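# Understanding the architecture of this molecule
What follows is each chain in one-letter form.
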Amino acid sequence: MNDKDIFRIANIIHSQMEASSRNVLLTRCSNVGSLVSQMPQMLHKSKLLMEAGRRNKPGLFRKINRDFIELLKEFTSASSYYETNSSQHRQLKPAAFREIVEDIRHLADEFDTVEYSRNTATISVITGPIELEGINFGEFRINLMLENIHERRLDKMMEVVALTPHPAACSSEVTHPHVQNDRMCTGDGTVPLMQAIETGRILDFFMIAAQILNTYNPSSPYVTLDNWYGIECYNCGDMVSEGSTYYCECCGNDFCEDCTGYCECCEQTVCNNCTVTCECCDRRVCRECIRQCDCGKSICDECLTNRECECHENEDQEEADAEVQPVCVGEAHVHA
Amino acid sequence: MKIFYLNNAGCGFADNVEIQPGTTVGEFFKSRHKNDEPSNYLIRVNRQPVSADYILQDGDRLTATPLKIEGAAA
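The following refers to the structure shown. Everything numeric in this text was worked out from a predicted model, so none of it was measured.

With that settled, the discussion passes to the overall build of chain A. Helix and strand counts for chain A stand at nine helices and 19 strands. Taken over 336 residues, chain A has a buried fraction of 43%. For chain A, restricting intrachain contacts to residue pairs at least 6 apart in sequence, the fraction spanning at least 24 positions comes to 49%. A total accessible area of about 18200 Å² is found for chain A, and carbon and sulfur atoms account for 47% of it.

Put into structure tokens, the structure is as follows:
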């Protein structure tokens, strides 16, 4: 990258930052909207959580709880950022032009490859090979689309592209635990990244992005490293891609298609081990839909409710016979 | 004397800080982060990597970027 490109880049960044500063109030309104828009999702998850707890489904509860905690973390991070900016009444001061130039010059000290595309006004760095817990993801190109900086949205201005993709078995779009469709979910890095870009600290921006790639967050990846190469069926042990597993609502484990069925009563997905055959109608039902008849047979909820068991047939017949007026003393049936 | 200190952790910190002449990078970091280690950060002075025993100069720009920054899934 020559000096002409460096000055061109610095120019674009500087003017983008000025445009961004002018829009700061609008952006704050947008941030409020963005913050508040997370609430319906959190409310929905909390209702699912309470329902799972009420129905005593620990496996389902754990799964939903993980999602809820991640929503809480994102909300907390975003609200903290909003509070910090609001309480300080701080309008971030754009960096001086020469500071931006120095940042761009020093990118080459941190990254072996730094490139600029005039056509797309994109500055890119290439990281070293990223390895997390023994899984090699290869190098990544981090692209910063300069003309989108004023939009103040990381998903609009940044791409993270795997140069030699080693995607998850279940999803070719997930090239890193925190990268999907060339977009990184920045998590704890969101606030530092935004502050860096809003103050023209391009060097810090790329260094922070690279460190996110070098960090594994096991509580909130698109695909966990344990499941990067697939998930083991709890029953037969076959490796299955995550999108092809079936979750048993009874025992809370994951199974392959062959080891999974569904309850013909409540239609929940259950594994073959969690289903029982109704001794009345022969349907396969889950443990929650099986009941004990008075006669001791295991029958489904529907058969019990509708008194379908054989033992009730005999009772019903006896009741039907009893309804005919009994012969009274002194009287006799007279046949026609 | 003053340095400009910039911390890229969490909500961040960026401001001028008064320090005593002769303060090293390691000493400064420890004074600000008693429960953390410089080895958990990428520390740059004037955009250059430095050792912990580098003696800070008036007007230096010190940045600290955590090595571990956790991403998420959207």
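This paragraph deals with the packing of aromatic side chains. Counted under the stated rule, the structure contains eight aromatic pairs over all chains. With 5.8 Å between their ring centres and 40° between their planes, Y5 of chain B and F13 of chain B make a pair best called tilted. The class of F13 of chain B is partly exposed, set by a relative accessible area of 33%. Three or more aromatic residues joined by ring pairs make a cluster, and in this case those are F111, F205 and F206 of chain A. Above the plane of the ring of Y247 of chain A lies K63 of chain A, whose end atom (NZ or CZ) is 5.7 Å from the centre. Across the ring face of F13 of chain B, the terminal group of R32 of chain B is positioned such that the distance to the ring centre comes to 4.8 Å.

On to the nonpolar core, then. Within soluble globular proteins, side chains that are nonpolar generally end up buried alongside one another. All names here are of chain A. Of all hydrophobic cores here, the largest spans 57 residues; its most connected members are I123, L144 and F206. Among the elements that line this core, the one with the most residues is helix α7 (residues 202–213), at 10 residues. Apart from residues lying up to four places away in sequence, F206 is in contact with L107, F111, I123, V125, I142 and L144. Core analysis: the next-biggest nonpolar cluster, separate from the first, contains 22 residues, C256, V270, C289 and C311 among them.

The next subject is the pairing of strand β6 (residues 158–162) of chain A. All names here are of chain A. Going residue by residue along β6, you find M158, V160 and A162 tucked away on one face and E159 and V161 left uncovered on the opposite face. As judged from the five bridges shared by strand β5 (residues 140–145) and β6, these two strands associate in the antiparallel manner. Its bridge partner lying in β6, N143 is registered against E159.

What follows is about a nonpolar patch on the surface. Residues V32, V36 and M39 of chain A make up a contiguous nonpolar surface patch of roughly 230 Å² in combined accessible area. With respect to the secondary-structure elements, M39 of chain A resides in helix α2 (residues 24–54).

Before going further, it helps to examine the sheet that holds strand β5 (residues 61–66) of chain B. Taken in spatial order, the five strands line up as β2-β1-β5-β3-β4 (chain B) in an open sheet, and their pairing is mixed. Only two strands of the sheet have a single partner each, and these edge strands are β2 (13–18) and β4 (48–49) of chain B. With two bridges joining them, strand β3 (residues 41–45) of chain B and β4 of chain B adopt antiparallel strand pairing. By the bridge assignment for β4 of chain B, R44 of chain B is matched with P49 of chain B. Set on the sheet, α7 of chain A makes contact with β1 (2–7), β3 and β5 of chain B; between it and β5 of chain B the angle comes to about 20°.

Here the focus is the environment of L72 of chain A. Inspection of the secondary structure assignment puts L72 of chain A in helix α3 (residues 58–87). Taking the C-alpha atoms as reference points, L72 of chain A and M42 of chain A, 30 residues apart in sequence, are found 7.5 Å from one another.

Right, let's get into unusual backbone geometry. At R152 of chain A, a residue that is not glycine, the phi angle is positive and equals roughly 55°. Here R152 of chain A is to be found in the loop between β5 and α5 (154–157). We classify R152 of chain A as buried; its relative accessible area is 15%. In this structure, R47 of chain B takes a positive phi of about 70° despite not being glycine. Take R47 of chain B: it is sitting in the loop between β3 and β4.

This part is about helix α1 (residues 25–32) of chain B. Residue and element names in this part refer to chain B. Here α1 has its buried residues at V25, G26, F28 and F29. In a view along the axis of α1, the buried residues occupy a sector of 165°, so they form one face of it. On its buried face, α1 is in contact with β1, β2, β3 and β5.

Let us look at the interface of chain B and chain A. Counting residues at the interface gives 22 residues for chain B and 31 residues for chain A. The junction of chain B with chain A conceals about 2300 Å² of combined surface from both sides, 50% of it contributed by carbon and sulfur atoms. It is R47, I69 and E70 of chain B that lose the most area in chain B upon contact with chain A, and together they represent 31% of the buried surface on that side. At the junction of chain B and chain A, the tally comes to 13 residue pairs in polar contact (both at pLDDT 80 or more). It is β5 of chain B that provides the largest number of residues to the side of chain B that touches chain A, a total of four residues.

So, how was this worked out
Residues numbered from 1 in each chain as written. Chains lettered and ligands numbered in written order. Predicted model: local features only at pLDDT ≥ 70, side-chain atom pairs only at ≥ 80, totals over all residues. Heavy atoms only, no water. Helix = DSSP H or I, 4+ residues; strand = E, 2+ residues; numbered from the N terminus. Buried < 20%, exposed > 50% of the residue type's maximum accessible area, 1.4 Å probe, protein only. Contact = heavy atoms within 4.5 Å. Areas by Shrake-Rupley, 256 points an atom, 1.4 Å probe, with all protein chains shown as cover. Phe/Tyr/Trp six-rings, centres within 6.5 Å; stacked < 30°, edge-to-face > 60°. Lys NZ or Arg CZ within 6 Å of the ring centre and 35° of its normal. Core = buried A, V, L, I, M, F, W, Y, C linked by side-chain atoms within 4.5 Å. Pairing = 2+ DSSP bridges. Patch = residues over 30% accessible without salt bridge, like charges linked within 9 Å, V, L, I, M, F, W, Y side chains within 5 Å. Salt bridge = Lys/Arg side-chain N within 4 Å of Asp/Glu carboxyl O. Axes fitted to C-alpha atoms, helices over the stretch in contact; angles between N-to-C directions. Arc of directions from axis to C-beta. Buried area = accessible area lost by both parts, 1.4 Å probe. Polar contact = N/O pair within 3.5 Å; in protein donor to acceptor, adjacent residues only side chain to side chain.

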